[in-house]
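Each chain, written out:
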Amino acid sequence: MHELAITQSVVDQISERLGGARVTRVALEVGRLCGVVCDSVRFCFDVCTQGTALGGARLEIIQIDGRARCRDCGASFAVDDLLTLCRCGSADLELLAGQELKIREVEIANV
Amino acid sequence: MCSTCGCAEGARAVIVNPEGAKATSAHDAPHAPDHHHDATRAYEHSHPHPHLEEQHRTIRLEQDILAKNNRLAEGNRGWFAGRNIFAVNLMSAPGAGKTTLLERTIRDLGSELTISVIEGDQETPRDAERIRAAGARAVQINTGTGCHLDADMLSRALRALEPAPRSVVMIENVGNLVCPALFDLGESARVVIMSVTEGEDKPLKYPHMFRAADAMVLSKADLLPYLEFDHARCVEYARRVNPRLELFTLSAVRGTGLDAWYEWLRRRGAS
């Protein structure tokens with residue numbers, strides 16, 4: 001359950017950046033290949049935000065599709081998982097997208 | 001989880017240095033009276049929702065969620081580099097033979113390499129005691145409910161261990177093939193261990209871990225005659241997930257196949 005540590009880190013970072021401002025929405029970017037389960041993050045978010053300035057905030061998760069470039073033939077293409085091979089047969093892929101794990105933006109209530 | 005400090009009962013890692021016999025944690029200081037752990041609290045939701053009339057402002061953050069861990073990991077990496085220490089992060093499922101391989105390695109290479117060990121487990125100092133009995137210095141990190149080591153735990157363990165310059169530090173991560181893959185510790189190399197009893201398709205089932213590794217050790221090779229384990233297929237699967245993986249097939253109990261592993265340690269430790 002690394003999602004608990006990750007979600008706690010989201011809450012900590014937002015609290016550090018925004019002090020006590022009440023947060024109403026949090027938007028995360030999560031790559032489809034980064035190994036983080038979005039449903040677990042949603043579950044942990046409710047637990048981690050209780051009693052903080054993020055309590056009750058809406059969580060939005062933007063999933064980023066995977067893309068890779070073949071180191072052998074140079075082709076770039078969409079990948080759904082880490083087991084995809086290039087059409088040339090090579091497994092030596094450089095991941096261009098899909099490993100994101102970012103806080104994109106937050107919305108705060110103006111007082 | 002407690003939202004004041006991020007702890008949960010038992011979730012904060014405790015570092016045990018058998019030499020000093022003193023456990024440290026961030027919770028040495030008592031909590032303020034209004035800050036207590038109430039198991040039911042996480043399910044309450046009494047927060048009012050006066051959202052209708054409110055003005056909202058969006059703030060773009062574009063902040064890496066693992067930034068803090070990665071920053072601490074870079075700190076550890078610099079710490080190792082400044083002391084010419086080769087640090088290996090050993091990861092596997094529980095029971096793959098990490099500690100047995102370390103015991104054997106310490107016994108065989110102890111006279112030419114200075115090796116010390118950081119042991120990660122949820123509970124008990126048993127593994128650190130085994131390492132000390134094999135002749136190396138060791139500290140234990142007990143993560144409580146935690147399923148992986150992170151860069152902060154490692155940095156605290158390093159302060160307790162004080163490894164010698166120009167030495168090798170072996171970090172035995174918590175037995176888990178999922179979570180440790182995501183957390184950079186600042187190590188010099190990552191090694192994944194899988195035993196032949198786990199089935200040849202393990203690299204396909206846990207691709208994140210095998211992709212994140214520099215080397216793979218296939219352990220308990222002495223059991224191969226008794227198993228239907230297709231070694232060539234396992235290698236093929238591992239290379240499909242990570243074509244750059246260095247591979248070692250060995251038995252720490254019988255002492256077979258260890259030379260290539262030792263050669264890798266010597267070579268990487270010297271560079």
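**Description of the overall build of chain A**
In terms of helices and strands, chain A carries two helices and six strands. Within the span of chain A, comprising 111 residues, buried residues form 54% of the whole. Considering only contacts within chain A whose residues lie at least 6 apart along the sequence, 69% involve residues at least 24 apart. Surface summary for chain A: the accessible area is close to 4,900 Å², and the carbon and sulfur share equals 46%.

**Here we look at helix α3 (residues 126-134) of chain B**
Working note: α-helix, 3.6 residues per turn, so residues spaced by three or four point in the same direction. Residue and element names in this part refer to chain B. Of all the residues in α3, the buried ones are Asp127, Ala128, Ile131 and Ala134. Seen along its axis, α3 keeps its buried residues to an arc of 120 degrees; they face one direction. Away from the buried face of α3 by more than 90 degrees, exposed residues Arg126 and Ala133 are located. One or two positions beyond α3, positive phi appears at Gly135, with a value near 110 degrees.

**Digging into the packing of helix α1 (residues 67-82) of chain B against helix α4 (residues 151-161) of chain B**
Residue and element names in this part refer to chain B. One can describe the packing of α1 onto α4 by two numbers: an axis separation of 8 Å at closest approach and a directional angle of 35 degrees. Handedness of the α1/α4 crossing: left-handed. Residue-level contacts link Asn69, Leu72, Ala73, Asn76, Trp79 and Phe80 of α1 to Ala151, Asp152, Leu154, Ser155 and Leu158 of α4. Its residues assigned to classes, the contact of α1 with α4 shows seven nonpolar, three polar and one charged.

**What to know about the interface of chain B and chain A**
In this assembly, 40 residues from chain B lie in contact with 46 residues from chain A. Approximately 4,000 Å² of surface area, both sides summed, lies buried where chain B meets chain A, with 57% of it carried by carbon and sulfur atoms. In this structure, the connection of chain B to chain A is made through three salt bridges. Ionic pairing is found between Glu105 of chain A and Arg60 of chain B, a salt bridge with its closest N-O pair at 3.1 Å. At the junction of chain B and chain A, the tally comes to 21 residue pairs in polar contact (both at pLDDT 80 or more). When contributions to the side of chain B that touches chain A are tallied by element, the ones reaching two or more residues are β3 (56-64), α6 (207-212) and α7 (231-241) of chain B. Looking at which element gives the most residues to the side of chain B that touches chain A, the answer is β3 of chain B, with nine residues. For the side of chain B that touches chain A, the class distribution of residues is 17 nonpolar, twelve polar and eleven charged. Note: strand β6 (residues 101-109) of chain A against β3 of chain B, seven bridges, orientation antiparallel. Bridged to Glu107 of chain A within β3 of chain B is Thr58 of chain B.

**Quick word on the nonpolar core**
Ranked by size, the top nonpolar core spans 31 residues in total, and within it Met170, Val191, Trp261 and Trp264 of chain B carry the most contacts. Elements represented by at least two residues in this core include exactly β4 (86-92), α2 (98-109), β5 (115-121), α3, β7 (168-172), β8 (189-195), β9 (215-219) and α8 (258-270) of chain B. Ranked by the residues each element gives to this core, the list is headed by α8 of chain B, at five residues. Residues contacting Val191 of chain B, with those up to four places away along its chain left out, are Val88, Asn89, Leu90, Met91, Ala215, Val217, Trp261 and Trp264 of chain B. Val26, Cys48, Ile103 and Val106 of chain A belong to the second largest nonpolar core, which has 29 residues in total.

Criteria and cut-off values
- Residues numbered from 1 in each chain as written.
- Chains lettered and ligands numbered in written order.
- Predicted model: local features only at pLDDT ≥ 70, side-chain atom pairs only at ≥ 80, totals over all residues.
- Heavy atoms only, no water.
- Helix = DSSP H or I, 4+ residues; strand = E, 2+ residues; numbered from the N terminus.
- Buried < 20%, exposed > 50% of the residue type's maximum accessible area, 1.4 Å probe, protein only.
- Contact = heavy atoms within 4.5 Å.
- Areas by Shrake-Rupley, 256 points an atom, 1.4 Å probe, with all protein chains shown as cover.
- Arc of directions from axis to C-beta.
- Axes fitted to C-alpha atoms, helices over the stretch in contact; angles between N-to-C directions.
- Left-handed = near helix turned anticlockwise from the far one by under 90°.
- Nonpolar A, V, L, I, M, F, W, Y, C, P; charged D, E, K, R; others polar.
- Buried area = accessible area lost by both parts, 1.4 Å probe.
- Salt bridge = Lys/Arg side-chain N within 4 Å of Asp/Glu carboxyl O.
- Polar contact = N/O pair within 3.5 Å; in protein donor to acceptor, adjacent residues only side chain to side chain.
- Pairing = 2+ DSSP bridges.
- Core = buried A, V, L, I, M, F, W, Y, C linked by side-chain atoms within 4.5 Å.

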